[in-house]
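# Coordinate inspection notes
These are the residues of each chain, in order.
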Amino acid sequence: MTALGKFLVFLTATGAILLAVMSYSSWVTSYDFTDRAGKEGAPDGTFLGLKQKIEAIQKGGQLGSMSKGYTDALGELTLMEKNRSEADLFYAAQILQLEKGATRAVPVTEVIRTKNGVELNPNLTPKMTVAKSENILEPGKDRTMEAKANYPAPLKKVEVDIGEVHKAVIAETKKIVALSNEISNQGGQKGLVTRNAEELDKIALLNVELTAMRGNLINIAADLFMNQKRVKQLNDRVGELGKTSGPRSEKP
Amino acid sequence: MSITSKVLAGLNLLALFAYIYLASALFNYRTDWQYQNFLMERMLNGLPLNEEEVDSFGQPIAAQLGPKEGGMLKTLLGPGGGNPAGPTLLDEVRAVKAELEPKLGEAGNPLDFEKFLTPLSNSFAERASLIRLGKPVAGDTTESPADRVKAVIAAAVEGKQKNKGLSPEEQREAIGRFLWAAQGLKEGAGSPSQVNRLVALVGPRVAINTITQSIRNVEEMTRQVNTVRALEQGNFLREHDSLVQDIRSLDMQLQRKVDEFNAVRQKVMEQETSRMVLEANRDDLAKQLGEKRATAVRLMTDLSLQGKSLYENRIKVLEAIKNMQQTESTIRQLEGIKPVSQPSPSIGQ
């Protein structure tokens, strides 16, 4: 065998061994990395299984909706919390207004329940007129519901005022009683009416007496006149007798 | 060597080369398929947890992924997936941790805590504690945000949760939660590119579990916020109604007092009128009494004068009678008639 022959034989043998090893190795591991389905009991290609898993995930549609699902849920949560925060501020403001009232120019408002939550009642905004009677807080204006804190002071004031007018009633009553006593017979004293009546009686008596006195006076005057006339007549007679008889001796 | 031998040897050699060519071609195809399998497996399972994790062939996975600047890692993360921190999940976790630590330290911004922990919060109490910036609320037994962040990082980096070791699978899930929470601090939290990156890093199963749980958590918190809102609204309405009733009561009380005040004031005014009438009456009666007294005095004076005049006239009458008696006596004397003694007149007759 020539050297070339030997080399070729060696080369062929080596190649054969190499191919044998590769074939053995391939047989031993027997991995089918392809996406082919196994036939006659042979296993499927591994890529097929992986591909099927990926396809199953894709068909599930979860990955596609993950982002939207999460951002939507987060958006809704954020919106709810924002709404809650705004609602809390609204509640706090309303309660504060009811309790203390920012100013008297903004009287108490009322809230109503709506489909979107709770909000101010547009029919009562900005004030709730409860009566048209006298408004002692703002005279001359319709009365409105005030904040709770705005009531104690006027209540106290009106109570003081009531006390004052009650005192005035008592004082007036006393004056009226005193005046009544002064006028009529009360309290053991003679009133003006009685004193007037007594005075009137006295005047009547005096008038009667005066009338009687005048009558007497007239009678006396008449008597006097008659007497004086008689005296004159008698004096005239004396004069006549003196002329006719002269000086006469006195008979025994 | 014969010619035949030479031809056979040549054919043999040719066959050898053919076999070598075919074997190498097959090897290349097989390698390509193997690469595709590996890539697909990574797509399904994500990056290895650490350098030591091996594939189904017992080969370290990280070593097979190649350099982070290119190759399979870039392919896995896909376009827009950003740059990989390394071939393992722990590389990624450490990089994110380094990035987060300045923001989520003890002096971190509460808003960052909230953004980070929102996907992980699974109760309203925890959420409330986040929103209230870590201030304790009634019934809230959750950890502080900083402690919660530390726990999440420890579970992801060290594979420990409450001093208990986690299995590689549990640690992978912890890493998924950590990475998903970390994306909350970035622009476009929950965007498709961020979801894709998480899927590429931890695999779709863990990513889906993590994000689904986050969605459930957020939905549950939304439900709880709604419940709390309804409760708060109810409480507010009750408090508001109560206050309105109080105010109405006070208003009515005030109005009654005002009415009472007005009634009493009206009575005072009526009394004043009565008093004035009585005063006028009294003054009138007093005046009348004065006039009557004056009249009485005048009448008395008049009576006195009349009495005096009567007396004087009587005196005069008496004198006249006396004169008359004297004159009559004188006449009788003159006529010689014995005078008859007569009683002397008196005033009283």
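Above this text is the structure in question.
Residues numbered from 1 in each chain as written. Chains lettered and ligands numbered in written order. Predicted model: local features only at pLDDT ≥ 70, side-chain atom pairs only at ≥ 80, totals over all residues. Heavy atoms only, no water.

## Describing the overall build of chain A
Counting its secondary structure elements, chain A contains 5 helices and 4 strands. Secondary structure of chain A in N-to-C order comes out as α-α-α-β-β-β-β-α-α. Burial statistics for chain A: of 252 residues in total, 29% are counted as buried. Put simply, 21% of the contacts in chain A that link residues at least 6 apart link residues at least 24 apart. Carbon and sulfur atoms provide 60% of the accessible area of chain A, an area that totals close to 16,400 Å². (Helix = DSSP H or I, 4+ residues; strand = E, 2+ residues; numbered from the N terminus. Buried < 20%, exposed > 50% of the residue type's maximum accessible area, 1.4 Å probe, protein only. Contact = heavy atoms within 4.5 Å. Areas by Shrake-Rupley, 256 points an atom, 1.4 Å probe, with all protein chains shown as cover.)

## Points about the pattern of salt bridges
Evaluated as defined, the whole model comprises 27 salt bridges over all chains. As a salt-bridge pair, Lys167 of chain A and Glu164 of chain A come within 3.9 Å of each other at their nearest N and O atoms. On the criterion of helical spacing, the pair formed by Lys167 of chain A and Glu164 of chain A is a turn pair, its members being 3 residues apart in helix α4 (residues 152-183). For Lys167 of chain A, a relative accessible area of 54% puts it in the exposed group. Across the salt bridge formed by Arg282 of chain B and Glu182 of chain A, the nearest N and O atoms sit 3.3 Å from each other. In this pair, Arg282 of chain B sits in helix α10 (residues 204-335) while Glu182 of chain A sits in helix α4, so the two residues belong to two different chains. Given the relative accessible area of 21%, Arg282 of chain B is considered partly exposed. With a relative accessible area of 36%, Glu182 of chain A lands in the partly exposed category. Ionic contacts of the salt-bridge type, sharing partners, join the residues Glu172 and Lys175 of chain A together with Arg275 and Glu279 of chain B into one network. (Salt bridge = Lys/Arg side-chain N within 4 Å of Asp/Glu carboxyl O.)

## With respect to the environment of Gly45 of chain A
All names here are of chain A. You can see Gly45 is positioned in the loop between α1 (3-29) and α2 (46-60). By relative accessible area, Gly45 is classed as buried at 2%. Note: C-alpha distance between Gly45 and Asp32 (13 residues apart in sequence) is 4.7 Å. If we skip the residues at most four places from it in the chain, Gly45 touches Asp32, Thr34 and Arg36.

## A closer look at the pairing of strand β2 (residues 117-120) of chain A
All names here are of chain A. As defined by bridge partners, strand β1 (residues 111-114) adjoins β2 across 4 bridges and the pair is classed as antiparallel. Within β2, the position partnered with Val111 by the bridge is Leu120. Between the antiparallel neighbours β1 and β2 lie 2 residues. (Pairing = 2+ DSSP bridges.)

## With respect to the interface of chain B and chain A
Listed by partner, the interface residues are 109 residues for chain B and 109 residues for chain A. Run the count over chain B and chain A and you get 9 salt bridges. Linking chain B to chain A there are 16 residue pairs in polar contact (both at pLDDT 80 or more). Secondary structure elements with two or more residues in the side of chain B that touches chain A: α1 (3-45), α6 (124-131), α8 (168-183), α9 (192-202) and α10 of chain B. Take the side of chain B that touches chain A: its biggest share by element is 77 residues, from α10 of chain B. Looking at the side of chain B that touches chain A residue by residue, the classes come out as 53 nonpolar, 29 polar and 27 charged. (Polar contact = N/O pair within 3.5 Å; in protein donor to acceptor, adjacent residues only side chain to side chain. Nonpolar A, V, L, I, M, F, W, Y, C, P; charged D, E, K, R; others polar.)

## Focus on α2 of chain A
All names here are of chain A. Across its 15 residues, α2 extends 21 Å between first and last C-alpha, which sits within 8% of the 21 Å expected from 1.5 Å per residue. Looking at α2, one finds that the buried residues are Phe47, Leu48, Leu50 and Ile54. End-on, the buried residues of α2 take up no more than an arc of 165°, which puts them together on one face. Turned more than 90 degrees away from the buried face of α2, the exposed residues are Lys53, Lys59 and Gly60. Note on α2: the residue one or two positions beyond its end, Gly61, has a positive phi of about 65°. (Expected span 1.5 Å × (residues − 1). Arc of directions from axis to C-beta.)

## A closer look at the nonpolar core
Soluble globular proteins tend to bury their nonpolar side chains together. Of all hydrophobic cores here, the largest spans 53 residues; its most connected members are Phe116, Ile175, Phe178, Leu179 and Val202 of chain B. Ranked by the residues each element gives to this core, the list is headed by α10 of chain B, at 8 residues. In this view, Val202 of chain B contacts Asn45, Gly46, Leu89, Arg172, Ile175, Gly176, Leu179 and Ala207 of chain B; residues no more than four positions away in its chain are not counted. Counting residues in hydrophobic clusters, the runner-up holds 26 residues, among them Tyr151 of chain A together with Leu254, Val258 and Phe261 of chain B. (Core = buried A, V, L, I, M, F, W, Y, C linked by side-chain atoms within 4.5 Å.)

## What about the packing of aromatic side chains?
For the structure on display, the rule yields 6 aromatic pairs over all chains. Judged by centre distance (5.5 Å) and plane angle (70°), the ring pair of Phe47 of chain A and Trp33 of chain B falls under edge-to-face. Placement of the pair is Phe47 of chain A in helix α2 and Trp33 of chain B in helix α1, with the two residues belonging to separate chains. Phe47 of chain A sits in the buried class, given a relative accessible area of 9%. A ring pair is formed by Phe90 of chain A and Tyr91 of chain A, whose centres lie 6.2 Å apart and whose planes are at 65°; its orientation type is edge-to-face. Given the relative accessible area of 8%, Tyr91 of chain A is considered buried. (Phe/Tyr/Trp six-rings, centres within 6.5 Å; stacked < 30°, edge-to-face > 60°.)

## Focus: the packing of α4 of chain A against α10 of chain B
Where α4 of chain A meets α10 of chain B, the axes come as close as 8 Å, and the angle between the chain directions of the two elements is 20°. Here α4 of chain A is positioned roughly parallel relative to α10 of chain B, judged by the angle of their axes. α10 of chain B is crossed by α4 of chain A, and the crossing has left-handed handedness. Tallied by class, residues from the contact of α4 of chain A with α10 of chain B come to 18 nonpolar, 7 polar and 13 charged. (Axes fitted to C-alpha atoms, helices over the stretch in contact; angles between N-to-C directions. Parallel < 35°, antiparallel > 145°, perpendicular 65-115°, else oblique. Left-handed = near helix turned anticlockwise from the far one by under 90°.)

## Thoughts on the packing of α2 of chain A against α1 of chain B
Orientation of α2 of chain A relative to α1 of chain B, taken along the N-to-C sense of each, is 30°, at an axis distance of 10 Å. With respect to the hand of their crossing, α2 of chain A and α1 of chain B are arranged in left-handed fashion. Contacts between α2 of chain A and α1 of chain B involve Thr46, Phe47, Leu50, Lys51, Lys53, Ile54 and Ile57 of chain A from the former and Trp33, Gln36, Asn37, Met40, Glu41, Met43 and Leu44 of chain B from the latter.

So, to be careful, I would describe these as geometric facts and stop short of saying anything about function.
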